[in-house]
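Here is how the chains run, residue by residue.
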Amino acid sequence: MTQKIIRLSKLDKFYGEFQALSQINLDIQTGEFFSLLGPSGCGKTTLLRAIAGFETLSSGSLHIDGVSMDGVPANKRPTNMVFQSYAIFPHMSVAENIAYGLKARKLPKAEIKASVAEAINMVGLEGFDDRASHALSGGQRQRVALARALVLKPRVLLLDEPLSALDKKLREQMQSELRRLQRAVGITFVLVTHDQEEALTMSDRIAVMFDGKIEQVASPQILYGKPSNRKVAAFIGMMNFLDAKVLTTSGDNVEVEVQSLGKLTLPLAQATGGLNGCNSVGVRPEMLTILMGSQTSEREIEAEVTEVYYYGDMTYYDVKLPAKEDPITVTMRNTAGREVLEVGAKARVGWSTSSLLLLK
Amino acid sequence: MADFQKWRRSESAQGLFLISPTLGFALLLLAVPLIMVVALSFWTQDYLTLDRTFTTANYQTAWTEPMYQYLMARSLKISIFVTAVTVLVAYPVAYFISFHVAPKRKAMWIFLITIPFWTSYLMRIFLWKVILGYNGVINGTLTGLGIIDEPLSFILYNQNAVVITLAHAWIPFAILPIFVALERVDRSLIEAAEDLGDSGLRRFFRVTLPLSMPGVIAATIIVFIPTIGDYVTPRLVGGPNGLMISNMIELQFKKANNAPLGAALAISAMGIVTFFALVFLWMNRKYVRGPS
């Protein structure tokens, strides 16, 4: 049985005239790794801070563990936060930082000591107890911030872009470590990030936000495979868009006129956000194939290569379709025997109706 | 010669050249007089002539004579008191400006705090005399309201008056370093403290105050060092019981005609100030570095 640890309903947040959050309805399940994903300024951090208790709501309600958080200050909420800057206390050692919240709870000294040692172990900072915080690297500071929050055994751990300050290699290492940590402690994690790759690899579910609104809440696979609209589709991974016009619907099928591809019949299920207002067709670059020699595909279309990006394992082609001004992208794995085409070459692009999404 | 040419064009030579007017000024008007005072303190006044044989007799008198000990202790007591009052009053003001004034208004608030400096310090002392005096503003108001029958006499010409006048004069100097230190406190640290379960008062004492200690210590040094040797305030509002060591130093140099003893008292006072300044600096270093 899954339980809702966080319930947000009709949540609004105004800064003067500016609406930072509008009509947010969201349930987060107990024990899941949940991500708030969106471009900067979309309100994801504001939402996280509202859950933590650092922002007051203009209207709407917020329940954590079934208790209304209306008027409950941050220090009384069952949440703890890992700040973007980590907010490590500079006048305290690693151990003192981690013990901070336990001391605030006025626990006995021996208990604090044991919990701190356990937390230091958990994040792999053995031997760093007495290290001054200014003598720590970015990754170590991150671990201290994690340990400091997790040692309090919160119901929900809030993470505000915790990996954005780290270099690429360390970031990838911390991603898998965070995921492992979350499984080990079983605490609900709510992560704010603008990095779609980070959200996809780490999360159980993701909420995509634009302009203070939640556009879609789904698992990574659904978000990537069945985005509910063009905005989400463009933000998560790469997506080619073709203009489309809905002609008729009959039973479970819909007839559409698609730019360059012509008249098609698609199953209604491929209109992932509903048929209302659909005006384009989306197709992922890896769903298209550049056909070689005698290769065939369900459908194919003639195109001209306008740009080639060679990545070693992959090649990204920009190809121009007839009757479409902007080129679309096709990504091909460089398997044995596959030649890399040159700019200006004619190419047969293979596609299938099942990989098309009807989007608004 | 080539070396000299090279040195002349070096950065350190240019630096020395740039500071030379100030350096000359400081040497002439600070170092030379100081050396003279030190020399004087080891000599003896023999009515109208100076006996230039080396002696530590002046220091023995300065450190053993009860009257000088008493005056030195009183100076210390008054300046500690002034420093405590000043810092305690300045801190909330600095805190308010840093945490509760909109960022674009902060500069204006700091500007407003400097307004007392538009009036000369001497004028402000005389104004305090008008406020605290026997027929002054406070007594006039209190008798007028019928709260007291006779004017209070314990508010002017004693140590209280010295403390009030000095604290008022030094508060702006204390507000500035504390304000700067508070501005440098990362606000996310205070949020982190709240997030980790601390109430407002507890996070102030566990995070904000320790992190602003460099400012508090700077304010303490700025106020303590000048007030311990203050001369004009005790002279004008201190009365006989409010006199401090500097007034005694003046007395020795002039009326008592014992400049060497005055010099020994002055150097002793400097030594004590230096000791306290070093203690404050050591404390500051401890807070700036954090735990090692």
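Quantities reported herein were computed from a predicted structural model and do not represent experimental measurements.

### Comments concerning the overall build of chain B
Then comes step 1: The secondary structure content of chain B amounts to 13 helices and 2 strands.
Then comes step 2: Its C-alpha atoms give chain B principal-axis dimensions of about 80 × 70 × 35 Å.
Then comes step 3: Out of the 292 residues belonging to chain B, those deemed buried represent 41%.
Then comes step 4: Restricting the contact set of chain B to residue pairs at least 6 apart, pairs at least 24 apart contribute 68%.
Then comes step 5: Carbon and sulfur atoms make up 70% of the accessible area of chain B, which totals about 16,800 Å².
Then comes step 6: Charge centroids of chain B, computed over 22 positive and 15 negative side chains, lie 5 Å from each other.

### A word on unusual backbone geometry
All names here are of chain A.
Then comes step 1: At A87, a position not held by glycine, the phi torsion is positive, near 50°.
Then comes step 2: Examined against the element boundaries, A87 turns out to sit in the loop between β6 (79-82) and α2 (94-104).
Then comes step 3: In this structure A87 comes out as buried when scored by relative accessible area, which is 2%.
Then comes step 4: Of note, the phi angle at K106 is positive, near 55°, even though the residue is not glycine.
Then comes step 5: Position of K106 among the secondary structure elements: in the loop between α2 and α3 (109-122).

### Considerations on the sheet that holds strand β1 (residues 4-15) of chain A
Sheet strands associate in pairs through backbone hydrogen bonding, adopting either a parallel or an antiparallel arrangement.
Residues and elements named next belong to chain A.
Then comes step 1: Taken in spatial order, the 4 strands line up as β2-β1-β4-β5 in an open sheet, and their pairing is antiparallel. Either end of the sheet is taken by a strand with one partner, and the two such strands are β2 (18-29) and β5 (67-68).
Then comes step 2: Sheet topology places strand β4 (residues 59-64) next to β5; 2 bridges connect them, and they run antiparallel. Within β5, the residue paired with H63 across the bridge is S68.
Then comes step 3: Strands in contact with helix α1 (residues 44-52) are β1, β2 and β4; relative to β1, the strand with the most contacts, it is inclined by about 120°.

### Some remarks on the sheet that holds strand β3 (residues 33-37) of chain A
Residues and elements named next belong to chain A.
Then comes step 1: The strand order across the open sheet built from 6 strands is β6-β7-β8-β3-β9-β10, with neighbouring strands paired in mixed fashion. The sheet terminates laterally at β6 and β10 (213-218), the two strands that pair on one side only. Each neighbouring strand pair of the sheet contributes to a mean axis angle of 20°, computed without reference to strand direction.
Then comes step 2: Where β3 lies against strand β8 (residues 188-193), 5 bridges are found, and the strand directions are parallel. Across the sheet, L37 pairs through a bridge with T193, a residue of β8.
Then comes step 3: This element, α1, spans β3, β6, β7 (156-160), β8 and β9 (205-210) of the sheet and lies at about 150° to β7.

### Let's talk about the side chain of T86(B)
All names here are of chain B.
Then comes step 1: Tracing the backbone shows T86 in helix α4 (residues 66-100).
Then comes step 2: Among the residues examined, T86 registers a relative accessible area of 0% and is labelled buried.
Then comes step 3: Within the local environment of T86, its side chain forms a polar contact with the backbone oxygen of V82, the two atoms lying 2.5 Å apart.
Then comes step 4: Those residues in contact with T86, other than ones at most four positions away along the chain, are A167, W170, I171, A174 and V223.

### Considerations on the interface of chain A and chain B
Then comes step 1: Taken together, the contact between chain A and chain B spans 28 residues of the former and 21 residues of the latter.
Then comes step 2: For the pairing of chain A and chain B, the buried interface totals around 2,000 Å² over both sides, and the portion due to carbon and sulfur atoms is 56%.
Then comes step 3: When the buried area of chain A at its contact with chain B is split by residue, N75(A), H91(A) and Y100(A) rank highest and sum to 30% of it.
Then comes step 4: Across the salt bridge formed by E191(B) and R49(A), the nearest N and O atoms sit 2.6 Å from each other.
Then comes step 5: Linking chain A with chain B are 8 residue pairs in polar contact (both at pLDDT 80 or more), by the criterion used here.
Then comes step 6: Here the element with the most residues in the side of chain A that touches chain B is α2(A); it accounts for 5 residues.
Then comes step 7: Split by residue class, the side of chain A that touches chain B holds 14 nonpolar, 8 polar and 6 charged.

### What about the pattern of salt bridges?
Then comes step 1: Summed over the entire model, instances satisfying the criterion amount to 21 salt bridges over all chains.
Then comes step 2: The closest approach of N and O atoms between E298(A) and R299(A), which form a salt bridge, is 4.0 Å.
Then comes step 3: Classification of E298(A) by relative accessible area gives partly exposed; the value is 49%.
Then comes step 4: Look at the salt bridges and you will find they share partners, linking K13(A), R49(A), E55(A) and E191(B) into a network.

Cut-offs and rules
- Residues numbered from 1 in each chain as written.
- Chains lettered and ligands numbered in written order.
- Predicted model: local features only at pLDDT ≥ 70, side-chain atom pairs only at ≥ 80, totals over all residues.
- Heavy atoms only, no water.
- Helix = DSSP H or I, 4+ residues; strand = E, 2+ residues; numbered from the N terminus.
- Buried < 20%, exposed > 50% of the residue type's maximum accessible area, 1.4 Å probe, protein only.
- Contact = heavy atoms within 4.5 Å.
- Areas by Shrake-Rupley, 256 points an atom, 1.4 Å probe, with all protein chains shown as cover.
- Lys, Arg positive; Asp, Glu negative; His and termini not counted.
- Charge placed at Lys NZ, Arg CZ, Asp CG, Glu CD.
- Pairing = 2+ DSSP bridges.
- Axes fitted to C-alpha atoms, helices over the stretch in contact; angles between N-to-C directions.
- Polar contact = N/O pair within 3.5 Å; in protein donor to acceptor, adjacent residues only side chain to side chain.
- Buried area = accessible area lost by both parts, 1.4 Å probe.
- Salt bridge = Lys/Arg side-chain N within 4 Å of Asp/Glu carboxyl O.
- Nonpolar A, V, L, I, M, F, W, Y, C, P; charged D, E, K, R; others polar.

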